[in-house]
Amino acid sequence: MARRKEIIPEYQSENFNGKDYFRTRIKDADGKRVALYGSTRKELHEKVKNAQTEIDNILFQRENPTVKDYCEKWLMMKSATISPKTFRGYQLSLNKYVISQIGDMYIDEVTLDDLKLLMVPLSKMSSSVYSKVNMLIKCIFSSAEANSLIDHNPSATMSAKGGKSQNEKEALSDEQVDQLLYTIKGLPPYLFVMIGLYTGLRREEILGLQWDCVFLEEPVPYIAVRRAWRSVKNRPVISTELKSPAAKRDIPIPKCLVDCLKEAKEISISDYVIADRTGKPLSYSQFQRVWKYIEVRTAKERKYYRYVNGQKIVCTINPTLGSHQPNNPKLVYSLDFKVTPHQLRHTYITNLIYYGVDPKTVQYLAGHENSKTTLDIYAKVKYNKPNELISVVNKALSNKKNN
């Protein structure tokens, strides 16, 4: 069968600098008319075909983006409403757990089975990682559905429950607080711990705190949260960009913290409340060394390595409370519980709820954007043993009886 001869349109000709050209106009992918030129009709015709193919590909990709393309677009749209730190976290999670697995698939061909298979490796990770990736997937496919890129959202029925459960960090009891403060009195982490326990500031808010935001001589002394610390390649960066608008708050402080801050301010050589020996804010590694003063005083199982006849031997020690470290007799194992920086904030917020502060006030003091977050995370019973609960129960029931 003879090949059909291609018909070349009669393009408009123009003369430019004494030379004849052929010209036509086509609509690009954005609907704008653009001009194309060729020295011959055939050359111009080829240019038109190539341009049209490219335009068709762009239009197809817009209407049928890959998972990778739409994830990147969704991140760009979210960047206007989330902090750079949150943006980087979302970006890393999507690249590592989603795009690397199904990034080349068109978003309209992804099924629920594809997403379930994607989540299988995550089920062996922590529940926080699992729920975060689950949330990102749901947001992306819900957005795609809202923009009519897909007819059905395959993530709609996915469960957010999965991953390995983590040990919940309980609030410190009053006895543990006393034990902690007694143990580290006079040591580098003492001021940080006091601020955390009695203001509930986040770690980045404490490390970014400057003396111009500490008002100790006011009728009601308070701390104004206006700056935050973050680490970039182990270098401290202080900015006025907080975790959220709600993080900007003024927190009244009790007398014990006022006295502690006054003592620290008298000897301070820095604009920062927590600083290194030169007056600069702490780097991430410096803060780790400060916190080590607490960790090394905790009576917990420890492993270390030693070499015997060229063989690497794992040794385990189980220090007892009140005993001394063999290599440093002055160091006493004084704590029988583990402490994390966030646990200080957890303790502050839990105490507010336990002592009856209303949820909206707790929400403000915690710097949360809504009270649901506060109650979901922190509103847990502080004491749960009968001898600890009896006074609370008796008080509640006696009030009811009197009414």
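Anything mentioned here points back to the structure above.
Quick notes on the rules
Residues numbered from 1 in each chain as written. Predicted model: local features only at pLDDT ≥ 70, side-chain atom pairs only at ≥ 80, totals over all residues. Heavy atoms only, no water. Pairing = 2+ DSSP bridges. Helix = DSSP H or I, 4+ residues; strand = E, 2+ residues; numbered from the N terminus. 1 Å grid on protein atoms, 1.4 Å probe; cavity = no way out; pocket = protein on both sides within 12 Å on 5 of 7 lines; lining within 4 Å. Points joined across faces, edges and corners; volume = space filled by probe spheres on them. Nonpolar A, V, L, I, M, F, W, Y, C, P; charged D, E, K, R; others polar. Salt bridge = Lys/Arg side-chain N within 4 Å of Asp/Glu carboxyl O. Buried < 20%, exposed > 50% of the residue type's maximum accessible area, 1.4 Å probe, protein only.

**Here's the deal with the sheet that holds strand S4 (residues 214–215)**
Hydrogen bonds between backbone groups are what pair the strands of a sheet, and the pairing can be parallel or antiparallel.
Then, in step 1: The antiparallel open sheet is built from 3 strands, whose spatial order is S4-S5-S8. In this open sheet, the two edge strands, each paired with only one partner strand, are S4 and strand S8 (249–252).
Then, in step 2: Where strand S5 (residues 222–225) and S8 come together, 4 bridges link them in antiparallel fashion. Pairing of tyrosine 222 across the sheet is with proline 252, part of S8.

**Regarding the layout of surface pockets**
Then, in step 1: Computed from the structure, the second largest pocket encloses a volume of approximately 930 Å³.
Then, in step 2: Residue lining of the second largest pocket: 32 residues in total, with Leu187, Pro188, Leu191, Val273 and Ala275 positioned closest to the centre.
Then, in step 3: Elements with a contribution of two residues or more to the lining of the second largest pocket: helix H7 (190–199), helix H9 (255–267) and helix H10 (284–295).
Then, in step 4: Tallying contributions element by element places H9 first for the lining of the second largest pocket, with 6 residues.
Then, in step 5: Residue composition of the lining of the second largest pocket, grouped by class: 21 nonpolar, 5 polar and 6 charged.

**Let's talk about the pattern of salt bridges**
Then, in step 1: Counted under the stated rule, the structure contains 8 salt bridges.
Then, in step 2: Aspartate 212 serves as the salt-bridge partner of arginine 227, at 2.9 Å between the closest nitrogen and oxygen. Remark: aspartate 212 occurs in the loop between helix H8 (203–207) and S4 and arginine 227 occurs in the loop between S5 and strand S6 (228–232); sequence separation between them is 15 residues.
Then, in step 3: Residue arginine 227 is classed as buried on the basis of its relative accessible area of 19%.
Then, in step 4: Here glutamate 295 makes a salt bridge to lysine 292, at a shortest N to O gap of 3.6 Å. Taken together, the residues glutamate 295 and lysine 292, both in helix H10 and 3 residues apart, mark about one turn of the helix.
Then, in step 5: Owing to a relative accessible area of 30%, glutamate 295 belongs among the partly exposed residues under this scheme.

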